[in-house]
Amino acid sequence: MCHSPVKPFVMKKALLVLIIFAACKKEKEDTTPPVLSVPFVNTALTNRFIPFGETLGPTSINPAFEIILTDSSQQVVASCAGKINWIRLNDNSPDYEMEIVTSGNSVYRIYYDHIENPVVTEGETIAAGDILGTIGVGGRTELQINDTRTNKAICPTGLEDPA
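Cut-offs applied
- Residues numbered from 1 in each chain as written.
- Predicted model: local features only at pLDDT ≥ 70, side-chain atom pairs only at ≥ 80, totals over all residues.
- Heavy atoms only, no water.
- Helix = DSSP H or I, 4+ residues; strand = E, 2+ residues; numbered from the N terminus.
- Buried < 20%, exposed > 50% of the residue type's maximum accessible area, 1.4 Å probe, protein only.
- Areas by Shrake-Rupley, 256 points an atom, 1.4 Å probe, with all protein chains shown as cover.
- Salt bridge = Lys/Arg side-chain N within 4 Å of Asp/Glu carboxyl O.
- Pairing = 2+ DSSP bridges.
- Phe/Tyr/Trp six-rings, centres within 6.5 Å; stacked < 30°, edge-to-face > 60°.
- Core = buried A, V, L, I, M, F, W, Y, C linked by side-chain atoms within 4.5 Å.
- Contact = heavy atoms within 4.5 Å.
- 1 Å grid on protein atoms, 1.4 Å probe; cavity = no way out; pocket = protein on both sides within 12 Å on 5 of 7 lines; lining within 4 Å.
- Points joined across faces, edges and corners; volume = space filled by probe spheres on them.
- Nonpolar A, V, L, I, M, F, W, Y, C, P; charged D, E, K, R; others polar.

Asker: Tell me about the overall build of the chain, residues and numbers included.
Answerer: Within the chain, the regular secondary structure consists of 1 helix and 12 strands. Each helix and strand of the chain, ordered N terminal to C terminal, gives the series α-β-β-β-β-β-β-β-β-β-β-β-β. Within the chain, the fraction of its 163 residues that count as buried is 36%. Of the roughly 10,000 Å² that the chain leaves accessible, carbon and sulfur atoms contribute 58%.

Here you go:
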């Protein structure tokens, strides 16, 4: 009987591929919606509120809570705990947008848009109420929540902490 040296090599390679595949198995998605336990701005200073779903133009619907405050020096704070995925300068405004996730495998992304003077950094873990920065240009800021399963914004109403 002839023993081929190829078979043990092929078997070892197949076993290695199987081990790598098992180790890289995707973590189960966290479908727990975020709980917004802290208002992201001092709403007593609201000059104008544009709610989620309001028509902004003939083909545009507001995907966020947009607030324009009477005092543009006010702080924007995290409405819930999470981790800062990224912070970037807006293309259309000289202020920042940041993405936060509540867990590493969460299907939800929380966006705070129009923030000046960010005081957090990418990769930082934050708690509800932590300061993110100050209100953006013109006293404006936004809170948007997206579901990555549908790639659509969801209304933040109903995600507030019932306590």
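Picking up after the structure, the text goes on.
Asker: Please provide a residue-by-residue account of the pattern of salt bridges, values included.
Answerer: Between side chains of opposite charge, a pair can form as their charged atoms come close. Summed over the entire model, instances satisfying the criterion amount to 3 salt bridges. Between Arg140 and Glu66 there is a salt bridge, with its nearest N and O atoms 2.5 Å apart. Of the two residues, Arg140 sits in strand β11 (residues 140-147) while Glu66 sits in strand β4 (residues 65-69), which places them 74 residues apart along the sequence. In this structure Glu66 comes out as buried when scored by relative accessible area, which is 8%. Of the charged contacts, one joins Arg140 and Glu142 as a salt bridge, the two residues approaching to 2.8 Å between their closest N and O atoms. Arg140 gets classed as partly exposed once you look at its relative accessible area, which sits at 27%.

Asker: Please provide a residue-by-residue account of the pairing of strand β10 (residues 131-135), values included.
Answerer: Where burial is concerned, most of β10 is hidden: 4 out of the 5 residues are buried. Sheet analysis places strand β5 (residues 75-77) next to β10, joined by 3 bridges and oriented antiparallel. In the sheet register, Val76 faces β10, and the bridge partner there is Gly133. Two strands pair when backbone bridges link them, and strand β8 (residues 108-116) and β10 are joined in this way by 2 bridges, in the antiparallel orientation. Each bridged residue has a counterpart across the sheet, and for Ile115 the counterpart in β10 is Ile135.

Asker: I'd love a proper account of the packing of aromatic side chains, names of residues and values included.
Answerer: What the rule picks out here adds up to 3 aromatic pairs. Ring centres 5.4 Å apart and planes at 65° place the aromatic pair Phe49 and Phe65 in the edge-to-face group. Of this pair, Phe49 sits in strand β1 (residues 46-50) while Phe65 sits in strand β4, placing them 16 residues apart in sequence. Using a relative accessible area of 39% as the deciding quantity, one classes Phe49 as partly exposed. Given a relative accessible area of 14%, Phe65 falls into the buried group.

Asker: Please set out unusual backbone geometry residue by residue, giving values where relevant.
Answerer: If you check the backbone angles, His114 has positive phi at about 65° while not being a glycine. Along the chain, His114 falls in strand β8. Residue His114 is classed as buried on the basis of its relative accessible area, which comes to 3%.

Asker: Any chance you could break down the nonpolar core for me, citing the residues and the numbers?
Answerer: Note on soluble globular proteins: their nonpolar side chains tend to be buried together. Membership of the largest hydrophobic core comes to 25 residues, with the highest contact counts inside it found for Phe40, Val76, Ile84, Met98, Tyr112 and Leu132. Sorting elements by how many residues they give to this core places β8 first, with 4 residues. Among all residues touching Ile84, those that are not within four sequence positions of it are Met98, Glu99, Ile100, Val120, Thr121, Glu122, Gly123, Glu124, Ile126 and Leu132.

Asker: Summarise the layout of surface pockets; cite the residues concerned and give the values.
Answerer: Each pocket or cavity is described by its volume, and for the largest pocket that value is around 180 Å³. Split by residue class, the lining of the largest pocket holds 9 nonpolar, 2 polar and 1 charged.

Asker: If you had to explain the pairing of strand β6 (residues 82-89) to someone new, which residues and values would you point to?
Answerer: Both β6 and strand β9 (residues 125-126) contribute to a ladder of 2 bridges, which runs antiparallel. Across the sheet, residue Lys83 finds its bridge partner in β9, namely Thr125. Two elements, β6 and strand β7 (residues 96-101), share 6 bridges in a ladder whose sense is antiparallel. Counterpart to Ile87 in the pairing with β7 is Met98. If you look at the hairpin formed by β6 and β7, you'll find 6 residues sitting between the two strands.

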